[in-house]
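Chain by chain, the residues:
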Amino acid sequence: MGLGIKTKAVSLMESARWRVGAIGQKLRPALGLAGARVNASFQSPTDMCDTDRIYIYALVRGLRPKRALEIGTRWGGSARIITAAMQDNGVGKLVGLDPATGSFRASNRATHGRFTLVEGRSPEDVGKAMAHHDGLLDFAFVDALHTYHSCAADLHVLAPHMAPGGHILFHDAFHPGIRAAADEFVASRDDVTDLGMVTRSPSVNTPVCNQGFRLLRIGDNTDEMVRESYQRMGVAYPDRPERYHNFDKFAIRIGLVEESGDGYRWKDEENS
Ligand SMILES: C[S@@+](CC[C@H](N)C(=O)[O-])C[C@H]1O[C@@H](n2cnc3c(N)ncnc32)[C@H](O)[C@@H]1O
């Protein structure tokens, strides 16, 4: 059976919307509207594999941290990627802590004026690094000495500096020591959500299996995170959240689905 008139009209509108969208997507880079600095993921000097480079750029874009700390900066590769994402976000400042600052290779321009390098060692100099921030961290990147004891000490010193809803990301999380330190930290606190391994990229070409990210969140309240996201974007939280967040009701209102028994069914079903 053919489609109903209303369904055909909806389908035509969808098709037109898709075409306009496709033209827009093609023009975005030319108009400078694309996430232009995503290339920093591939152009920055770091030992991270490609998936991890892309992941950390995307994570920073998505989480939009304002205050971030990197423990272990080396040549500044990850600092370039993180600050590129911050620049694309239009917000964020990264402080890097490393005892071997002579290795650092990123100019102020390459880090978009969003990076401060502090010479020092975690855990003892984390306070010195934090003096460059005016509040708690919403993002910490731990990529320093990959032993159990060092990573456990990094976590211990970071904990009081983390804001509720903040995230801690570890690199080289395939190292057993890092895994053990993270497991222990999660088990010792009831306010940490373990988001687990978030990339599957172990390197087995070296004497130890490295690469890979693991992510922890301080707190587990998704509702709070939803509210805070509006605030971070400078958008008023909807005064009728049910209406804005509940796609079920919206889908009924625009005639996409209708209630049927315990659930919903596509409106199209009656026409097909
Ligand atoms: C794997 S490299 C960091 C790479 C960098 N995050 C990137 O991807 O471009 C590790 C760095 O951690 C530094 N490091 C070692 N122990 C540290 C500590 N206790 N505190 C801070 N940095 C440390 C080393 O000097 C080295 O530069």
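Criteria and cut-off values
Residues numbered from 1 in each chain as written. Predicted model: local features only at pLDDT ≥ 70, side-chain atom pairs only at ≥ 80, totals over all residues. Helix = DSSP H or I, 4+ residues; strand = E, 2+ residues; numbered from the N terminus. Expected span 1.5 Å × (residues − 1). Buried ≥ 20, exposed ≤ 12 C-beta atoms within 10 Å, placed from the backbone. Arc of directions from axis to C-beta. Domains from an automatic or database assignment. Core = buried A, V, L, I, M, F, W, Y, C linked by C-beta atoms within 7 Å. Contact = placed C-beta atoms within 7 Å. Axes fitted to C-alpha atoms, helices over the stretch in contact; angles between N-to-C directions. Left-handed = near helix turned anticlockwise from the far one by under 90°. Nonpolar A, V, L, I, M, F, W, Y, C, P; charged D, E, K, R; others polar. Pairing = 2+ DSSP bridges. Right-handed = clockwise from strand over helix to strand, strands pointing away.

**Student:** Explain helix α7 (residues 176-188) residue by residue, including any values.
**Tutor:** Counted at 1.5 Å a residue, the expected span for α7 with its 13 residues is 18 Å, and the 18 Å between its end C-alpha atoms agrees. When α7 is considered as a whole, its buried residues turn out to be Ile178, Ala181, Ala182 and Phe185. One side of α7 holds all its buried residues, which, seen down the axis, span an arc of 95 degrees. Facing away from the buried surface of α7 by more than 90 degrees, the exposed residues are Pro176, Asp183 and Ala187.

**Student:** Describe the domain arrangement of the chain, and please don't skip the residues or the numbers.
**Tutor:** Parsing the chain into structural domains produces domain 1 (36-226) and domain 2 (238-272). Here domain 1 and domain 2 have C-alpha centroids that lie 41 Å from each other.

**Student:** Before we move on, could you go through the nonpolar core and cite the residues and values that matter?
**Tutor:** Counting residues in each nonpolar core, the largest one holds 49 residues, and the members touching the most others are Val60, Ala68, Leu69, Ile82, Ala140 and Val142. Setting aside residues no more than four positions away along its own chain, Ala140 makes contact with Ala68, Leu69, Leu158, Met162 and Ile168.

**Student:** A description of the packing of helix α3 (residues 50-63) against helix α4 (residues 77-89) should follow, citing residues and the corresponding values.
**Tutor:** For the pair α3 and α4, the least separation of the axes is 8 Å and the interaxial angle reads 35 degrees. By crossing handedness, the relation of α3 to α4 is classed as right-handed. Along the contact surface, α3 presents Arg53, Ile56, Tyr57, Val60 and Arg61, while α4 presents Ser78, Ile81, Ile82, Ala84, Ala85, Met86, Asp88 and Asn89. When its residues are assigned to classes, the contact of α3 with α4 shows eight nonpolar, two polar and three charged.

**Student:** Tell me about the pairing of strand β2 (residues 93-98), and please be specific about residues and values.
**Tutor:** For a regular strand, the rule is simple: side chains alternate between the two faces of the sheet. In terms of residue burial, β2 counts as a mostly covered element, since five of its six residues are buried. Summarising the sheet, strand β1 (residues 67-71) and β2 pair through five bridges and their orientation is parallel. Residue pairing across strands places Leu69 opposite Val95, the latter belonging to β2. For the segment spanning β1, α4 and β2, crossover handedness is right-handed. Bridge count between β2 and strand β3 (residues 115-119): five bridges; the pairing is parallel. Opposite Leu94, over in β3, you have Phe115 as the bridge partner.

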